[in-house]
Amino acid sequence: MDREELAPHVEELARVLGDKVDKERILKELDTYLNHYRVTLEWAKRNIVKKMGGDPCDLPGGEGRKTVADLTGSEQSVDLLVKVLTVNPKTIEVGGAQKNIVYGYMADGTGRVQYTVWETESVQLQEGSTVLIRNAYTKEYKGSPQLNLGNRALVEVSEEELEVADMPVGGGSVEVKVSELADGMNYVVICGKVTKLEEREITASGEKKNIVTGTLTDGTGSVELTVWGDSQLHEGDEVRIVGAYVKSWRGIPKLNLGDRAEVQVLEKGSLGDVDSVSPKVRTMEDVEMVGGAMDALVRGTLVDVRDGSGLIKRCPDCRRVLQKGTCRVHGKVKGVDDLRIKAILDDGSSSLNVVFGKELTEELLGLSLDEAVKLTMEERNPDLVREMAEEKLFARTLEVRGMVRSDDYGPMMIAREARFHDMDVREEGAKLLTDMEGFH
Ligand SMILES: [Zn+2]
């Protein structure tokens with residue numbers, strides 16, 4: 001937009017802010033937001049008003065209807081024109097009965113909001129469609145408004161072209177943390193330390209292209225990043241990235257730096273000691289909402305040890321798990337022993353499938369692979385290790401760190417670290433008992 005096109009918007013902003021304000025400054029702000037940061041006009045205007053001490057609600061337009069940024073979390077009945085970004089079906093338990101719900105993100109020009117559809121019979125949403133929602137209500141969750149479509153909600157598909165900001169709303173700041181990155185986010189501002197930089201040659205639509213990949217870490221986790229143009233990144237740099245976007249690749253959100261992305265190098269140490277920070281504990285619902293994570297920490301109660309846990313045999317060629325001594329690809333082979341636990345953890349917000357590999361299984365059960373093989377043979381019970389896992393782990397609280405990816409069956413964590421969260425209490429109790437019994 002050039003100066004002439006911006007002029008009416010500058011006048012409007014000046015009216016809302018009172019005529020004392022410097023129109024040159026408004027013009028400069030507007031120009032920066034639109035032509036430099038490339039945010040939507042609506043978002044830019046609201047933020048300028050906020051930044052310069054005005055009330056964005058004084059901006060004209062949208063009578064009777066609210067924008068995402070206006071949501072307070074206490075609306076009883078609200079109308080919104082939004083674009084549906086994601087649609088995720090889910091079955092939950094309500095009062096002992098199974099109920100189908102749908103959740104995801106919606107956005108308009110002012111921001112992005114999480115939503116839940118409680119009546120999936122009457123309300124059907126399609127990803128990418130623009131809809132006019134009437135009679136929705138909101139609730140606050142962790143300081144952010146959440147949109148709920150209950151039995152009174154009406155949804156109409158709209159032909160209106162909606163330009164969406166697709167960024168979280170909050171205090172005029174659009175900066176997000178690694179743990180908040182979700183598939184489909186479009187204009188991301190994020191700070192972190194860059195490591196594991198690597199130049200790669202790929203072939204994209206028949207053309208060879210050089211890209212740079214690496215890892216960005218902040219206090220909440222790590223994310224893989226890809227630079228599609230000239231990379232301005234250096235190993236160990238602490239940076240502020242403006243205008244990146246997020247796309248999931250193999251079920252994990254990844255940060256992409258396209259032509260629009262800008263990198264500001266920060267002074268060394270300005271982010272603190274990022275390397276030694278372990279990610280904060282996240283709710284499973286959170287992890288599920290954003291579609292996965294390269295590095296997440298969750299805490300939950302083990303509610304099920306699933307089939308396929310315990311002592312298993314793998315194909316020596318491809319490591320696939322054998323079924324009755326047969327590999328799906330290589331046929332009858334002499335299997336190699338391995339240990340794993342496939343479990344379901346629940347933290348009250350949601351549940352998560354977690355896979356523990358050999359080392360973690362050995363650690364959690366206090367049993368080596370060799371011992372497991374020996375015991376299984378002695379007892380002539382192929383399910384022995386699985387039964388041990390059930391006995392030892394059921395109802396225990398575990399803190400697990402690992403990678404989470406999503407597929408058709410939902411999110412699944414490949415654990416990298418695991419520890420009993422309730423260990424101290426339990427072990428002390430057990431020790432006390434042994435001492436009292438006077439044995440061992
Ligand atoms: Zn095989």
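Rules used throughout
Residues numbered from 1 in each chain as written. Predicted model: local features only at pLDDT ≥ 70, side-chain atom pairs only at ≥ 80, totals over all residues. Heavy atoms only, no water. Donors = N, O, S within 2.8 Å, 3.2 Å for Na, K, Ca; no water. Buried < 20%, exposed > 50% of the residue type's maximum accessible area, 1.4 Å probe, protein only. Core = buried A, V, L, I, M, F, W, Y, C linked by side-chain atoms within 4.5 Å. Contact = heavy atoms within 4.5 Å. Helix = DSSP H or I, 4+ residues; strand = E, 2+ residues; numbered from the N terminus. Expected span 1.5 Å × (residues − 1). Arc of directions from axis to C-beta. Polar contact = N/O pair within 3.5 Å; in protein donor to acceptor, adjacent residues only side chain to side chain. Domains from an automatic or database assignment. Buried area = accessible area lost by both parts, 1.4 Å probe. Salt bridge = Lys/Arg side-chain N within 4 Å of Asp/Glu carboxyl O. Nonpolar A, V, L, I, M, F, W, Y, C, P; charged D, E, K, R; others polar. Pairing = 2+ DSSP bridges.

Let us now look at the coordination of the zinc ion. Summarising the metal site, the zinc ion is bound by the protein donors C315 (SG), C318 (SG), C327 (SG) and H330 (ND1), whose distances to it range over 2.1 to 2.3 Å. Look at C318 and you get partly exposed, because its relative accessible area is 25%.

Attention now moves to the nonpolar core. F356 and V400 are the most contacted members of the largest nonpolar core, which totals 31 residues. If we ignore the near neighbours within four places in the chain, the residues touching F356 are L339, R340, I341, A343, T361, L364, L398, V400, A415 and A418.

Right, let's get into helix α3 (residues 41–51). Across the 11 residues that make up α3, a large majority, eight, are buried. Listing the buried residues of α3 in full gives L41, W43, A44, K45, R46, N47, I48 and V49. At the exit of α3 stands G53, carrying a positive phi of roughly 90°.

So, on to the environment of K23. The topology assignment puts K23 in helix α2 (residues 23–36). Taking the C-alpha atoms as reference, K23 lies 6.7 Å from V10; in sequence the two are 13 residues apart. Look past the residues within four positions of K23 in its chain and what remains in contact with it is V10, E11 and A14.

Here the focus is α2. If you check α2, its first and last C-alpha atoms are 19 Å apart, about what 14 residues at 1.5 Å a residue would give, namely 20 Å. Listed in full, the buried residues belonging to α2 are I26, L27, E29, L30, Y33 and L34. In an axial view of α2, the angular spread of the buried residues amounts to 165°, which keeps them on one side of the axis. Looking at the buried positions of α2, the neighbouring elements they touch are α1 (3–17) and α3. The N-cap of α2, judged by a side-chain oxygen 3.0 Å from the amide nitrogen of E24 a few residues on, is D22.

On to the domain arrangement of the chain. Interfaces are often sized by the amount of accessible area the parts lose when they come together. Looking at the assigned domains, one finds that the chain contains domain 1 (3–58), domain 2 (68–157), domain 3 (184–265) and domain 4 (284–429). Each of domain 3 and domain 4 was reduced to a C-alpha centroid, and the two centroids are 32 Å apart. Counting residues at the interface gives nine residues for domain 3 and 10 residues for domain 4. With both sides pooled, the region where domain 3 packs onto domain 4 buries about 670 Å², and carbon together with sulfur makes up 59% of that total. It is S222, G251 and I252 in domain 3 that bury the most area against domain 4; as a group they hold 57% of the surface buried on that side. For the pair domain 3 and domain 4, the interface holds zero salt bridges. One can count one residue pair in polar contact (both at pLDDT 80 or more) joining domain 3 with domain 4. When residues of the side of domain 3 that touches domain 4 are traced back to their parent elements, those giving at least two are β11 (221–227) and β13 (252–257). In terms of residue count, β11 provides more of the side of domain 3 that touches domain 4 than any other element does, four residues in total. In the side of domain 3 that touches domain 4, the residues fall into three nonpolar, four polar and two charged.

All right, on to unusual backbone geometry then. With a phi close to 50°, K324 is a non-glycine residue in the positive phi region. Topologically, K324 is positioned in the loop between β16 (310–314) and β17 (326–327). Owing to a relative accessible area of 81%, K324 belongs among the exposed residues under this scheme. Phi is positive for R380, close to 50°, though the residue is something other than glycine. Structurally, R380 is set in the loop between α6 (369–379) and α7 (384–393).

On the secondary structure map, G325 appears in the loop between β16 and β17. In this view, G325 contacts G331, K332 and V333; residues no more than four positions away in its chain are not counted.

As defined by bridge partners, strand β2 (residues 88–94) adjoins strand β3 (residues 97–108) across seven bridges and the pair is classed as antiparallel. Across the sheet, the residue bridging to I92 is K99, located in β3. Connecting the antiparallel pair β2 and β3 is a turn made up of two residues, with G95 showing a positive phi of about 55°.

Our focus in this paragraph is the pattern of salt bridges. Should the charged atoms of two oppositely charged side chains come close, the side chains can pair. A complete count under the given rule lists 25 salt bridges for this structure. Two residues, E156 and R134, come together in a salt bridge whose shortest N-O distance is 3.2 Å. On the criterion of sequence distance, the pair formed by E156 in strand β7 (residues 154–157) and R134 in strand β5 (residues 130–141) is long-range, its members being 22 residues apart. The salt bridge involving R416 is made with D295; its shortest N-O contact spans 3.4 Å. Of this pair, R416 sits in strand β22 (residues 410–420) while D295 sits in strand β15 (residues 293–305), and the two are 121 residues apart along the sequence. Here D295 falls in the buried class, since its relative accessible area comes to 7%. What emerges from the salt-bridge pattern is a single network uniting D295, R401, R416 and E417.

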